[in-house]
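A structural walkthrough
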Amino acid sequence: MKLTIDHADLAAAVSYTARSLPARPPVPVLAGLLLDATGDRLRVSAFDYEISADTTAPATVTETGRALISGRLLSDIVPTVRGAVHLELRGPRLTLKAGSARFILPTLPLEEYPALPEPGATAGTLAGPAFAEAVAQVACAVSRDESLPILTGIGLRHDSEAATLTLYATDRYRFAVRTLPWKDADLADTSAVIPGLALPTGSSGLFTLRSEHTTTTIRALEGDLPKYDALFPTEFAHTATVEIAALKAVAQRVALVSTKKDAPIKLTFAADSTLVLEGGTDDDAQAVDNVDTTLDGGELTIAFNPAFLLDGLNALTTESVQFDFTSPTKPAVLRGHGSDDQALRYLLMPIRLTS
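Residues numbered from 1 in each chain as written. Predicted model: local features only at pLDDT ≥ 70, side-chain atom pairs only at ≥ 80, totals over all residues. Heavy atoms only, no water.

For the rest of this paragraph, the subject is the packing of aromatic side chains. Summed over the entire model, instances satisfying the criterion amount to eight aromatic pairs. Their ring planes at 70° and their centres at 6.4 Å tell us that Phe175 and Phe232 sit as a pair that is edge-to-face. Placement of Phe175 in strand β12 (residues 174-181) and of Phe232 in the loop between β16 (214-219) and β17 (238-243) is noted, with a sequence separation of 57 residues between them. In this structure Phe175 comes out as buried when scored by relative accessible area, which is 3%. Here the aromatic rings of Phe323 and Phe325 are separated by 5.8 Å at their centres, their planes lie at 5°, and the arrangement is stacked. Note on accessibility: Phe323 and Phe325 belong to one class, buried. An aromatic cluster of at least three residues, connected via ring pairs, comprises Tyr168, Phe175, Tyr228 and Phe232. Above the ring of Phe308, the side-chain terminus of Arg174 is found at 3.9 Å from the ring centroid. One residue, Arg345, lies across the ring of Phe232, its end atom 4.6 Å from the ring centre. (Phe/Tyr/Trp six-rings, centres within 6.5 Å; stacked < 30°, edge-to-face > 60°. Helix = DSSP H or I, 4+ residues; strand = E, 2+ residues; numbered from the N terminus. Buried < 20%, exposed > 50% of the residue type's maximum accessible area, 1.4 Å probe, protein only. Lys NZ or Arg CZ within 6 Å of the ring centre and 35° of its normal.)

So, about the sheet that holds strand β7 (residues 84-90). With antiparallel pairing, five strands are arranged side by side in an open sheet as β5-β1-β7-β8-β9. Edge positions in the sheet fall to β5 (60-63) and β9 (101-106), since each has one partner strand and no second. Shown here is a sheet whose adjacent strand axes are inclined to one another by a mean of 15°, direction ignored. Summarising the sheet, β7 and strand β8 (residues 93-98) pair through five bridges and their orientation is antiparallel. Across the sheet, residue Glu88 finds its bridge partner in β8, namely Thr95. Along the sheet face, helix α1 (residues 7-18) touches β1 (2-6) and β7 and points at about 95° away from the line of β1. (Pairing = 2+ DSSP bridges. Axes fitted to C-alpha atoms, helices over the stretch in contact; angles between N-to-C directions. Contact = heavy atoms within 4.5 Å.)

Printed below as a string of structure tokens:
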């Protein structure tokens, strides 16, 4: 293998694939990045039997060939060099030259590396920015508790009649749901939970996300997330609207006095169009601040985990948030003010205040 490639193209390819490398590979070869030079492109791949990442970049290939190189080592080296990068494989060593820098890297045994998964046919196409936004919005509710693996995933549900793809996630304390139009999907009604970002392709348990030069495959998690349809109330006794930037600033200030990270802050939606936020306890520091609001319904006092509240506010893309309440002890629904039914809905459990 012998080729020349622009540094920026190589850096992008290595960065994309190296993110999929396992932190603790079960066998040494799975810590490697597979380099495959053919035609006028260099293909860079990573695979650990659960997740694969594959991308290509333009290159001037003078000798075709393949090499398996430590992904950690390659991802450390490539950002430090500039200009054209020359790669040449001779026996068990790969030489990387760029400017005055020269590295000689050992290779891993190619014969021990597993074959990359073969994705099925494309089931549908979505605009990349819209899909990325939806994933980021629901990801704030993904659980970090590895003892319940199913809650560490993002659910995908395709509704052929409505022509939509719905993404959803929960950690039992909040539930985030976002729906996207998906009118060109060639797929029956289906749902699955995945530990990463991918779309169904028809292969059993395998999901694929493709762009022009990149492919990621992921194996689905076993099990189902809780059904969200019945959890979201449809009738409310109170509705309030608050400007998001102002509310975030006040919530962050009030939460500073709490000695515990998950200590609640109290929100009182008053009839005089003021939202009062309070933090701390009688035995510790206390803080009170307020922000303007509009309120439809009677005065309401409710408490939330401030981090969970801020996660929901950060996920919204509108200038104002709409709070919908049934009672101070029931989950509240946050959504962008003026947004439609397909936009983000964020269900947040309140915290009971002790007298």
